[in-house]
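# Structural overview
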Amino acid sequence: MTRLLLLAVLVLTASQAGANFALPPLPPREEFGTIVIDRLSSQNGQKPVVFSHWLHRSRFTCRVCHGELEFLMKTNATEITERANRTGKYCGACHNGKIAFRHNGNCEKCHNGDIGYSARRFEEFLLQKAMPMTATGNGVDWSEGLRSGAIKPQTYLKKKSQDMKFDKELLLEAEMTIIPPAVFPHKAHTAWLDCDNCHPDLFNIKKKGTHFTMPEILKGNYCGVCHISIAFPMDECRRCHPDMRDQ
Ligand code: HEC
Ligand code: HEC
Ligand code: HEC
Ligand code: HEC
Ligand code: HEC
Ligand code: HEC
């Protein structure tokens, strides 16, 4: 009982509760979501490839790359090769001199090993698009940016999604009733993602009553697949637990 009370005190105030979980440190906002791909580069005499999510997601929804183009949501997991790129797969689906710069003559634009490579373009982007802001992650409210039309990312290259509309908002109740439930809005997700980005691998809806505990999420499972490194990070308690108090 004492333990429960203690927990209540700790978690009902979001800012104090944050200290309760080991949240991973956040990079500068222009580097949030920037990944270094080096499955093959270094061992083949090239600098690692640096890829910015913010730059690409402002122009394409996640499903274009993580559905149509079959990039996996795990750095260094996809078998990207220079040859595949040059035959129009993976990066080469766009970096072909038509949609974006081509491979020839532009090696160092990708193979630069410099995590800050696109930083100069970030402030430009914020100003140009008048993006709505938040406190963490890229400092950008991507959901609101999409709703307001500040950005209009392309939703497919060749293959339009056949997915049905599904707007259901779910309340995910924690095992402890003292914790304000987390919300899961389908609509805010299907604007970026296809059903099969989440079902059945990340969320198996046949298995009822799964509790996605914070320690599991912080290990990079469930919501943590995206909400640690790409979508707004776990620090923003109230975006998922709207009834949690601020102070
Ligand atoms: C649009 C981005 C992009 C450009 C431009 C680009 N590459 Fe790559 N390249 C990649 C990616 C991504 C990989 C996979 C990286 C990894 O796993 O380390 C890769 C892999 C490679 C590899 C690893 C071995 C192999 O066969 O796949 C070599 C070598 C390579 N690129 C050379 C080049 C050279 C030379 C150029 C310029 C003529 C170039 N790349 C331009 C993105 C690019
Ligand atoms: C232009 C293509 C592109 C777009 C658009 C894109 N991604 Fe990615 N994403 C990638 C690539 C490439 C990787 C690395 C894959 C690899 O190395 O195997 C990646 C990796 C990831 C990872 C793994 C990160 C890690 O820390 O290992 C996650 C999670 C992810 N993406 C989520 C998203 C989400 C969510 C969106 C939409 C908001 C999105 N991506 C949009 C290309 C894209
Ligand atoms: C769905 C299309 C698409 C895919 C797939 C894609 N890109 Fe891009 N990329 C773009 C566009 C469009 C731009 C913006 C071109 C510009 O304005 O210079 C861009 C820009 C870039 C830049 C320039 C950053 C800067 O600061 O100038 C880099 C680096 C880059 N992409 C790397 C990659 C790598 C590496 C991959 C594969 C892992 C990849 N891209 C896959 C469309 C794509
Ligand atoms: C970003 C991840 C994500 C995407 C994308 C997504 N879902 Fe879900 N979905 C969830 C989560 C999380 C749950 C709750 C799972 C649980 O309670 O175990 C859920 C639950 C459901 C349920 C059960 C609803 C209920 O009342 O229990 C259905 C049906 C469903 N999703 C259909 C869809 C369809 C159809 C799409 C595509 C249009 C879709 N989902 C896209 C994450 C997602
Ligand atoms: C991306 C969404 C998301 C964010 C951001 C988030 N949570 Fe959660 N949280 C959840 C989900 C989902 C659950 C599990 C609900 C269930 O059991 O099904 C949960 C459960 C919890 C629980 C219940 C006990 C446990 O360990 O699971 C606590 C306490 C909690 N969150 C606190 C926080 C605090 C404090 C923050 C901010 C530092 C935060 N959460 C940020 C989604 C989120
Ligand atoms: C496959 C990736 C992915 C997974 C898994 C995922 N999300 Fe998200 N979520 C996103 C993206 C992308 C956005 C758009 C906002 C952004 O990128 O910051 C988003 C937005 C949201 C929003 C904000 C909606 C708004 O309108 O402002 C909430 C709340 C949210 N997610 C909760 C959750 C919860 C809770 C879970 C786990 C049950 C979860 N998400 C799992 C990718 C994901």
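Conventions adopted
- Residue positions are counted from 1 within each chain, in the order its sequence is given.
- Here the convention is simple: chains get letters from A, ligands get numbers from 1, in the order in which they are written.
- Since the coordinates come from a predicted model, pLDDT governs what is reported: local features require at least 70, and pairs of side-chain atoms require 80 or more to be given and counted, while whole-chain, interface and lining totals use all residues.
- Only hydrogens and water are removed before side-chain values are computed, so all heavy atoms of the structure are retained for them.
- By definition, any uninterrupted DSSP run of H or I lasting at least four residues is a helix, any uninterrupted run of E lasting at least two residues is a strand, and each is numbered from the N terminus.
- When we talk radius of gyration, it's over C-alpha atoms, and the globule rule is simply 2.2 Å times the number of residues to the 0.38.
- In what follows, a contact means two residues having at least one pair of non-hydrogen atoms within 4.5 Å.
- The method behind every accessible area is Shrake-Rupley, applied with a 1.4 Å probe, and residues are considered shielded solely by the protein chains displayed.
- His is not counted, nor are the chain ends; Lys and Arg add positive charge and Asp and Glu add negative charge.
- The atoms used to mark charge sites are NZ of Lys, CZ of Arg, CG of Asp and CD of Glu.
- Any residue with a heavy atom positioned within 4 Å of a molecule or strand is treated as near that molecule or strand.
- Pairs of N or O atoms within 3.5 Å make up the polar contacts considered here, provided that, within protein, one atom can donate a hydrogen while the other can accept it, and that residues adjacent in sequence are counted only when both atoms are side-chain atoms.
- Under the scheme applied, nonpolar residues are Ala, Val, Leu, Ile, Met, Phe, Trp, Tyr, Cys and Pro; charged residues are Asp, Glu, Lys and Arg; polar residues are all the others, including Gly.
- Aromatic rings from Phe, Tyr and Trp, taking only the six-membered ring of Trp, are treated as a pair when their centres fall within 6.5 Å; an angle between ring planes under 30 degrees marks them as stacked, one over 60 as edge-to-face, and anything in between as tilted.
- Categorising residues by exposure relies on relative accessible area from a 1.4 Å probe, with only protein chains included: less than 20% of the type maximum marks a residue as buried, more than 50% marks it as exposed, and the intermediate range marks it as partly exposed.
- An automatic or database domain assignment supplies the start and end points of every domain.
- Throughout, buried area stands for the accessible area (probe radius 1.4 Å) lost by two parts on being put together, summed over both.
- What counts as a salt bridge is simple: a side-chain nitrogen of Lys or Arg found within 4 Å of a carboxyl oxygen of Asp or Glu.

### Quick notes on the overall build of the chain
Assigned secondary structure in the chain consists of eleven helices and four strands. In summary, the chain has a C-alpha radius of gyration of 20 Å against a globular reference of 18 Å for 247 residues, a match within 12%. Reported as C-alpha extents along the three principal axes, the dimensions of the chain are approximately 65 × 40 × 35 Å. Excluding contacts between residues fewer than 6 apart, the proportion of contacts in the chain whose partners are at least 24 apart in sequence is 57%. Carbon and sulfur atoms make up 56% of the accessible area of the chain, which amounts to about 15500 Å² in all. Considering the chain, the positive charge centre built from 32 side chains and the negative charge centre built from 26 side chains are found 6 Å apart.

### Details of the site of ligand 3
The environment of ligand 3 is formed by 23 residues, the closest being His56, Cys91, Cys94, His95 and Ser118. In the environment of ligand 3, a nitrogen atom lies 2.8 Å from a nitrogen or oxygen atom belonging to the side chain of His56. A distance of 2.8 Å separates a nitrogen atom of ligand 3 from a polar atom in the side chain of His95. Put simply, the parts of the chain that give the shell around ligand 3 at least two residues each are strand 2 (49-52), helix 3 (53-57), helix 4 (62-68), helix 6 (107-110) and helix 7 (119-129). Residue composition of the shell around ligand 3, by class: 16 nonpolar, three polar and four charged.

### Let's talk about the packing of aromatic side chains
Applying the stated rule across the entire model yields nine aromatic pairs. On the numbers, 5.3 Å between centres and 85° between planes, the contact of Phe203 with Phe212 is edge-to-face. Judged by relative accessible area, which is 16%, Phe203 ranks as buried. Note on Phe212 and Tyr222: the rings are 4.7 Å apart at their centroids and 55° apart in plane angle, and the pair reads as tilted.

### Quick look at the domain arrangement of the chain
Split into domains, the chain comes out as domain 1 (2-26 + 163-240) and domain 2 (29-148). Computed over C-alpha atoms only, the centres of domain 1 and domain 2 are separated by 26 Å. Together domain 1 and domain 2 conceal approximately 1600 Å² of surface at their shared face, both sides included; 61% is due to carbon and sulfur atoms. A salt bridge links Asp141 to Arg239; the nearest nitrogen and oxygen atoms lie 3.2 Å apart. Inspection of the domain 1/domain 2 interface yields seven residue pairs in polar contact (both at pLDDT 80 or more).

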